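Each chain, written out:
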Amino acid sequence: MHEYTDRLAGSFVAVNADLEREFEARLVESSTLAFRIAFSVLRHVQDAEEVAQEAFVKAYRAFSQLRDRDRFRAWLVRMTWRLAIDRQRNDRRRISRERMYEPAPTFDGVVAAIERERAARLWRAIDALPEKLRLVIVLANIEGHDVAGVARLLALPPGTVKSRLYLARQRLKERLECTR
Amino acid sequence: MHPMNDSLDDEITRALAVEPSPEFLARVRTRIAAEPAPRAYRPWWLLGSAAAACAVVVVAVALWPRALRPGQIVSRTALSATSTSGIGTLVSTQQPVLPAREARRRERDRRSPEPEVLIAAGEVRAMRALILAARDGRLELAPSLENTAVEAASSPPIETIDIQPITIAPIAPFSGEEGVRQ
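Residues numbered from 1 in each chain as written. Chains lettered and ligands numbered in written order. Predicted model: local features only at pLDDT ≥ 70, side-chain atom pairs only at ≥ 80, totals over all residues.

Undergrad: Before we go on, may I ask you to explain the confidence of the model for chain B in this structure?
TA: Residues and elements named next belong to chain B. In the predicted model, chain B carries a mean pLDDT of 73, and the fraction of residues at 70 or more is 61%. Looking over chain B, one finds the lowest element-wise mean pLDDT in strand β2 (residues 87-92), namely 47, and the highest in helix α2 (residues 24-33), namely 92. Confidence drops under a pLDDT of 50 for residues 77-91, and excluding neighbours within four residues, the segment shows 15 contacts in the predicted structure. The complex model carries a pTM of 0.54, and its ipTM stands at 0.74. (pLDDT = per-residue confidence, 0-100. Helix = DSSP H or I, 4+ residues; strand = E, 2+ residues; numbered from the N terminus. Contact = placed C-beta atoms within 7 Å.)

Listed below in structure tokens is the structure:
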């Protein structure tokens, strides 16, 4: 009896250790993806880190059902995006874009100001996009995802992703032309 | 891809090329360390369904009316062997145990209003007065009973009844003539 329970306990420990190892691997490879998705919505490093951390905790709790790599990343993208949107809507204290991410301090003052202005214009244009177009254009420009990669992450047909990308670029161009 | 798209995508990529702080991963690991370890996936919905089905069966069995099945022992009597005078005899030591359904039926029958035997109130009073008087010695019933002793009913002898055989005369043969009244 003791031998059996020992073996059973040993198998549980082994399963848990395997899960821990797999999750660590997913965490390392997907941490930047989650952070950048959150950042694309919140544009604040600390807030984005908090949201990404929350998403990883939720992923950890449900990890036994998310062991497949693609499934994990798709789930993480959707969860991070949703959490970031919720946070943006709920956080009324931060309504101005003054807390916008500052570029690296290697630029001199003039260049930094120009870059800031360009980035601000771009973000305003991205923010004006409908949510489904915004997520597609953001994902397509994170980690160099191609159409198939974005389609896998969003569980959408590649044709849908392609058309949304086209629409998003068109609208961004129009808006950037208008505000130039 | 269109050159404009290239420049636009480059711009977006640059805008998104933000790295998390070096402590980010460490913070996530610390936060996750406080969580209970993930367990291997188990089909909890399956276990839940099985448990619910078992509960339904148990409740159904508990609530099912216990009909008296054929062959069921109605009166369970514990028998014990006592050896008196060297011969083993079986003696009942308990009252018969009725099944619950039978006991409920009897209780219901006992409570249910049955038609009472109606006796006139005057007769009741008279009977009571008679019984009381006889008990107190105010009334001697013996002589009265002797005088009115009911004699054994002597039925008259049964006479033999002779039943004469019935003779039926044959019907007169048909004359064969039509139109003749008989």
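Undergrad: So what exactly am I meant to see when it comes to helix α5 (residues 131-140) of chain A here?
TA: Owing to its 3.6 residues per turn, the α-helix aligns residues three or four sequence positions apart on the same side. Buried residues dominate α5(A), accounting for eight of its 10 residues. Of all the positions in α5(A), only Leu133(A), Arg134(A), Leu135(A), Val136(A), Ile137(A), Val138(A), Leu139(A) and Ala140(A) are classed as buried. (Buried ≥ 20, exposed ≤ 12 C-beta atoms within 10 Å, placed from the backbone.)

Undergrad: Help me understand the interface of chain A and chain B in this model?
TA: For interface size, the figure often reported is the accessible area lost on association. Across the boundary between the two partners, chain A contributes 33 residues, which contact 25 residues of chain B. In terms of residue class, the side of chain A that touches chain B is made up of 19 nonpolar, eight polar and six charged. (Nonpolar A, V, L, I, M, F, W, Y, C, P; charged D, E, K, R; others polar.)

Undergrad: For this particular structure, what's the right way to read the packing of helix α2 (residues 45-61) of chain A against helix α3 (residues 69-90) of chain A?
TA: To describe two helices that pack against each other, one gives the angle between their axes and the distance between the axes. All names here are of chain A. At their nearest, the axes of α2 and α3 sit 9 Å apart, and the two run at 135° to each other. In terms of axis orientation, α2 runs oblique to α3. In the crossing of α2 with α3, the sense of the turn from one axis to the other is right-handed. Of α3, the residues touching α2 (which contributes Asp47, Val51, Ala52, Glu54, Ala55, Lys58 and Ala59) are Phe72, Trp75, Leu76, Met79, Thr80, Leu83, Ala84 and Arg87. (Axes fitted to C-alpha atoms, helices over the stretch in contact; angles between N-to-C directions. Parallel < 35°, antiparallel > 145°, perpendicular 65-115°, else oblique. Left-handed = near helix turned anticlockwise from the far one by under 90°.)

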